[in-house]
Amino acid sequence: MKKARILLLILFLLIPLTGCWDRTEINDLAFVVGTGVDKGPKQQYRFSVQVPLPSSLGGTGSSGGGGGTSGEGPFLIATGTGRNIREGVEDIQARLSRKLYFAHRRVLVIGEDQAKEGIREILNAVFTQPQSRLSTFLIVSKGEAVKMLKAQPRMELSSAEAMREMAKAGANLTVMDVLQNLDRQGKSLIIPMVEPTGTLKKERDGKEVLMGRFAVFKADKLSFFTSKRESHGILWLLERMKKKSYSFSVSKNKEMTVHINENSVHPNLKIVNGNPEFAVSVRVTGHLVENEANLRIEDPATYNKIIENMEEKIKNDIHSILKRAHTQGIDIYGFGWFLFKRHHQKWEHEWKQNWKSMLPHLKVTVMVDADIQRTTNTGNVERN
């Protein structure tokens, strides 16, 4: 009797075990590592995906590399159009034998023309999907996004992976950062910008990708791309110059290069006659890696002159981006967000409504405290 009860219990427990009736095999999935969104015809979106082709990635029994079925490289680029992102995805899916799977997406690239129209709807559509990750890197392309997905950098298997590594080493801004800043009062969007280049700088239409500048937004619409100096200013303000090399002039046609060890920024607020004024303190430390001018840095007078030049260059970098952004009513650093957090009542009743018109007249003092702590290259000094 006892054995019968045990057997009956086992049979009862087996009832809900229906097996893998809803399983999805890996061979049935197309793993998307990069996506792009461009402005399409007639108010439509042009959606693009980058999918690795396992048969072309090398390995046992494979010749390695190769051009896949279309000769494009070890990955497939597929595009579709639609009145919304979902329709664009379905347009692509209708022409693929495998199910598109977005959980491994590295980057989302938005084309220049579409960024000028706005990115809010795109972010809402893409990142409300269950498979989307907020750790994905968001990038704006110079020109069409699909061209950046088609690039074939030599150091990585795909352009998506190359852009991910560059974004991580640069400003390190993910989709989560962008979504948080999109609705913050007194804070404008900054997104890394990517453009095509070659192994040699003169190869403007090469297959490599270049990421050294930023796309600056007003609300959710692209306003301008930064210059090299303005890009340095943004990196200083974002505290992202650490582990990067920084060059500055010390004499005519002679420069020094310092590897940055630490970079910190501290804003200080002062209210004068009811108007906010900011003093931004920038602390920088580094070590000398190139002394083109062959200066004797151990000499106190020479050292002070070098530091003065370095600090002046950093100030100019920061002022250049603040001036351009504030002139257009764009709060590149987030001074308004600082006021929102520290003086919420004043922000709501006195500054919020007129903040964009106040920005061109906002007084911002930049103070830089730089220090070269050691040297790895003292220069070839000729002594008498």
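Refer to the structure above for everything that follows.
Residues numbered from 1 in each chain as written. Predicted model: local features only at pLDDT ≥ 70, side-chain atom pairs only at ≥ 80, totals over all residues. Heavy atoms only, no water.

## Notes on the overall build of the chain
As a reminder of what qualifies: Numbering of helices and strands starts at the N terminus; helices are DSSP runs of H or I of at least 4 residues and strands are runs of E of at least 2. Exposure classes here rest on a 1.4 Å probe applied to the protein chains alone. A residue is buried below 20% of its type maximum, exposed above 50%, and partly exposed in between. Any pair of residues with heavy atoms lying within 4.5 Å of one another is described as a contacting pair. Note on areas: these come from Shrake-Rupley sampling with a 1.4 Å probe, and a residue is covered only by the protein chains present in the view.
Secondary structure assignment for the chain yields 12 helices and 14 strands. The 384 residues of the chain split such that 44% are buried. Considering only intrachain contacts with a sequence separation of at least 6, the fraction spanning at least 24 residues in the chain is 68%. For the chain, the exposed area adds up to about 21,000 Å²; of that, 50% sits on carbon and sulfur atoms.

## Some points on unusual backbone geometry
Phi is positive for K42, close to 55°, though the residue is something other than glycine. Locating K42 in the fold gives a position in the loop between β2 (34-39) and β3 (45-52). Looking at K42, the relative accessible area reads 80%, which means it is exposed. Within the chain, N172 stands out as a residue other than glycine whose phi angle is a positive 55°. For N172, the location among the structural elements is in the loop between α6 (159-169) and α7 (175-182). The class for N172 is partly exposed, based on a relative accessible area of 31%.

## Focus on the environment of I297
For I297, the position within the fold is in the loop between β13 (275-291) and α9 (300-327). On the accessibility criterion, I297 (10% relative accessible area) is buried. Considered as a pair, I297 and T375 are 78 residues apart in the sequence and their alpha carbons are 8.8 Å apart. Apart from the residues lying within four places of it in its own chain, the contact partners of I297 are L288, Y303, I306, I372 and T375.

## Some details on the pairing of strand β6 (residues 107-110)
Where we set the bar: Strands qualify as paired when DSSP identifies two bridges or more between them.
The side-chain alternation of β6 yields two buried faces, one formed by V107 and V109 and the other by L108 and I110. The sheet contact formed by β2 and β6 spans 4 bridges and is parallel. Note that in β6 the partner of G34 across the bridge is V107. Alignment of β6 against strand β7 (residues 137-141), held across 4 bridges, turns out to be parallel.

## Focus on the pattern of salt bridges
The condition is simple: Salt bridge, as applied in this entry: a Lys or Arg side-chain nitrogen positioned within 4 Å of an Asp or Glu carboxyl oxygen.
Taken as a whole and judged by the stated rule, the model has 21 salt bridges. With a shortest N-O distance of 3.0 Å, R120 and D183 are connected by a salt bridge. Taken as a pair, R120 in helix α4 (residues 120-126) and D183 in the loop between α7 and β8 (190-197) lie far apart in primary sequence, 63 residues in all. Residue classification places R120 among the partly exposed positions, given a relative accessible area of 31%.

## Description of the packing of helix α10 (residues 335-342) against helix α11 (residues 344-351)
Defined as follows: Here the axes come from fitting lines to C-alpha atoms, over the contacting stretch only for helices, and the angles between their N-to-C directions go from 0 to 180 degrees. Geometric relationships in this document are graded by angle, where less than 35 degrees denotes roughly parallel, more than 145 denotes roughly antiparallel, 65 to 115 denotes roughly perpendicular, and other angles denote oblique. Gly counts as polar in this scheme, as do all residues outside two lists: the nonpolar Ala, Val, Leu, Ile, Met, Phe, Trp, Tyr, Cys and Pro, and the charged Asp, Glu, Lys and Arg.
Running from N to C, α10 and α11 point in directions that differ by 120°, and their axes come no closer than 5 Å. Here α11 runs oblique to α10, going by the angle between their axes. The segment α10 lies against α11, with G336, L339, F340 and R342 engaging H344, W347, E348 and W351. Counted by class, the contact of α10 with α11 contains 4 nonpolar, 2 polar and 2 charged residues.

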